[in-house]
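Take a look at the letters that make up each chain.
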Amino acid sequence: MKKLFLHITLFFSLVCFSQNEQLAQYYYDKGDFEKAKISYEELLKEIPLNSQYFLRVIDCSQQLQQFQSAEKLIQERFNKYNQGNLLVELGYNFQLQKNDDKAKIYYEQALDRIKKNPNEVYGISNSFERKVLLEYALKSYQTAVELEPNFNFNYQIGLLYGQLSNMEMMISTFLDEAFANPQNSIRIQNQLVRFMADEGDAIFNELLWKALILRTQKNQDLFWNHYLSWFYVQQKEFGKAFIQQKAIYKRNPESLTNIVNLGQLAIEEENQEAAMEILGFVLENTQDLELLIQANSYLITMKIKKASEKDFAAISTELDGLLKQFEISPFTLSLQLIQAHFTAFNLKKPEEGKAIVKRALELQLNDYDVANAKMELADILLFEEKFNQALIYYSQIELDLKNDVMAHEASLKAAKTSYFKTDFAWALKQFKELKSANTQLIANDALEYFLLINDNTVADSTQTALKQFAKGDYLVYQNRNQEAITQFQSILKNHKGQEIEAVTLLRLGKIYEETGDFTLALSQYQMIIDQHSDGIYIDEALYFSAEIYNKKLQDSEKAKPLYEKVLFNHQDSIYFVEARKKFRQLRGDTNL
């Protein structure tokens, strides 16, 4: 009984302590430093060794301009525990009083502590960084490394150089660290990308490029070719990245996997010329069955995407030839599913397409391959307007691969199926859940449909226009573009000036883009820019127009101001980062 009473007492003590800590934090966040200070002093009495509580007491005292009180507390704690970081705290207390000379004395004393005992660098450098005393933090790390060469603070030093805007030293330090410790390379690349995309301009990119070129010339290690290839990929310069990958392959012809992956990236960025060259090289230089199938799959997919009806017979023959060459097996599943999709969606023979998938499902496939095949089967059933059967297969994938990206994709397709059926209430619920998906593309897609349904239900409770719009979207899904154009034009005619108008213009613009009618596509986007400048589709209309001028019509002078409008007027757009990068390139910020 005594033990039970003791446990209950301890439990309530912990609960009360946790509540006191939350209360102290609440006062601190609210800016009520008087109450926060009292709360943290109470907590510090309970746990005197807790440095976080002590530092909060000091911070609150300083916020209240009680500098003498803070100095006394710091000095007492220093006399008691002799911790080097408290010298930084003393110095900073004087700095807040504009007594820089006295502050400097204590900062130098902190550095002297590291000279006597390099292990003190951790606490002292951390204190300098928290106070944004970056030069002193840098000196702390450098002092420790000079005395103890086994210490490695290159990553921290690189970050500090970046914060101090010393880009050359940041790049040099990061690259040296990446070469010495390749396991840190990804983390370093993430930091470099942040400067390239978020803060960087042509100056930073050029400094990084020159540093990599210099290392490639001075050091024959393939590490630098890989790094230079990575840099070119960030710049979307796939041809230059391919040159580096070829150099790597010629010296180490063990695998073409990286080159295949580069080809895939070029396809995703719609750089077909580079993709064809890259994948052609793969086909010429490998007998590896998996790579041959992968490269051929990418190439035939590219052909299908840009094909017109007159090309269908040749593509069908080529697919038959590839499957005859590589045979029907689990290894050729990607080619089989491409053939099934092409047969159903392009040749309009869904029964034959389903037969191809069902034959594939009889093979010895792993769980992911089964899911891929079921996804294609569901897509074809949806094409046939067999909505409920399609939903069954999408649901199976969701259950079989819970929390996997493919399961989220199946969930998105199931939501779209409900949308095509005009079951908007259920679709809205599914899209709402998918808005927070881990995969950004799925989350963005779900958000788009959520807003579409929600906004047009509020504007029209009968959902008349929305039902017609969903039918247009379904015709697009079925690859019946001309009928979809007619459907969307009918919506514009019958619902002029209504909520649905802007998104209908956007859909028409994308269809015209797909069919290569760029003049008509631009006219749709221009109507959004002119008539719906305060709507949610304006950033897309600007960005898509800029992309047509930039990529399709090669008219950089017309593309540039459109990218610029996205930059200055739509910072929350998902296209903001890409628009900024392309605007800088067109402005001539880079000579890379």
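Residues numbered from 1 in each chain as written. Predicted model: local features only at pLDDT ≥ 70, side-chain atom pairs only at ≥ 80, totals over all residues. Heavy atoms only, no water.

**A look at the overall build of the protein chain**
When helices and strands are tallied, the protein chain shows 32 helices and zero strands. When the backbone C-alpha atoms are referred to their principal axes, the protein chain occupies close to 85 × 65 × 65 Å. When each of the 592 residues of the protein chain is scored for burial, the buried share is 47%. Put simply, of all contacts in the protein chain between residues at least 6 apart along the chain, 52% involve residues at least 24 apart. Accessible area for the protein chain stands at about 31,100 Å²; split by element, carbon and sulfur atoms hold 51% of it. Put simply, the protein chain has 65 plus and 80 minus side-chain charges, and the middle of one group is 3 Å from the middle of the other. (Helix = DSSP H or I, 4+ residues; strand = E, 2+ residues; numbered from the N terminus. Buried < 20%, exposed > 50% of the residue type's maximum accessible area, 1.4 Å probe, protein only. Contact = heavy atoms within 4.5 Å. Areas by Shrake-Rupley, 256 points an atom, 1.4 Å probe, with all protein chains shown as cover. Lys, Arg positive; Asp, Glu negative; His and termini not counted. Charge placed at Lys NZ, Arg CZ, Asp CG, Glu CD.)

**A look at the confidence of the model for the protein chain**
For the protein chain, per-residue confidence averages 92 on the pLDDT scale, and 95% of positions sit at 70 or higher. Low pLDDT, under 50, characterises residues 4–17; the stretch is placed with four contacts to residues that sit more than four places away or in other chains. (pLDDT = per-residue confidence, 0-100.)

**With respect to unusual backbone geometry**
It is generally the case that most residues other than glycine have a negative phi and that most peptide bonds are trans. Unusually for a residue other than glycine, Ser165 sits at a positive phi of about 65°. Tracing the sequence through the fold places Ser165 in the loop between α9 (154–163) and α10 (167–180). Classification of Ser165 by relative accessible area gives exposed; the value is 54%. Positioned with a positive phi, Thr422 is a non-glycine residue whose angle comes to about 65°. Among the structural elements, Thr422 can be located in the loop between α23 (405–420) and α24 (424–434).

**Concerning the pattern of salt bridges**
Within this structure, the stated rule accounts for 32 salt bridges. The partner of Lys413 in a salt bridge is Glu409, and the shortest N-O contact between them spans 3.8 Å. Placement of both Lys413 and Glu409 in helix α23 is noted, with a separation of four residues, approximately one turn of the helix. A relative accessible area of 32% places Glu409 in the partly exposed class. A salt bridge links Glu433 to Lys429; its shortest N-O distance comes to 3.1 Å. (Salt bridge = Lys/Arg side-chain N within 4 Å of Asp/Glu carboxyl O.)

**As for the packing of helix α14 (residues 238–251) against helix α16 (residues 272–285)**
Their axes nearest at 9 Å, the elements α14 and α16 cross at an angle of 15°. In terms of orientation, α14 lies roughly parallel with respect to α16. Judged by the twist between their axes, the crossing of α14 over α16 is right-handed. Contact residues: Phe238, Gly239, Phe242, Lys246 and Tyr249 in α14; Ala274, Glu277, Ile278, Phe281 and Asn285 in α16. Among the residues making up the contact of α14 with α16, the classes are represented as six nonpolar, two polar and two charged. (Axes fitted to C-alpha atoms, helices over the stretch in contact; angles between N-to-C directions. Parallel < 35°, antiparallel > 145°, perpendicular 65-115°, else oblique. Left-handed = near helix turned anticlockwise from the far one by under 90°. Nonpolar A, V, L, I, M, F, W, Y, C, P; charged D, E, K, R; others polar.)

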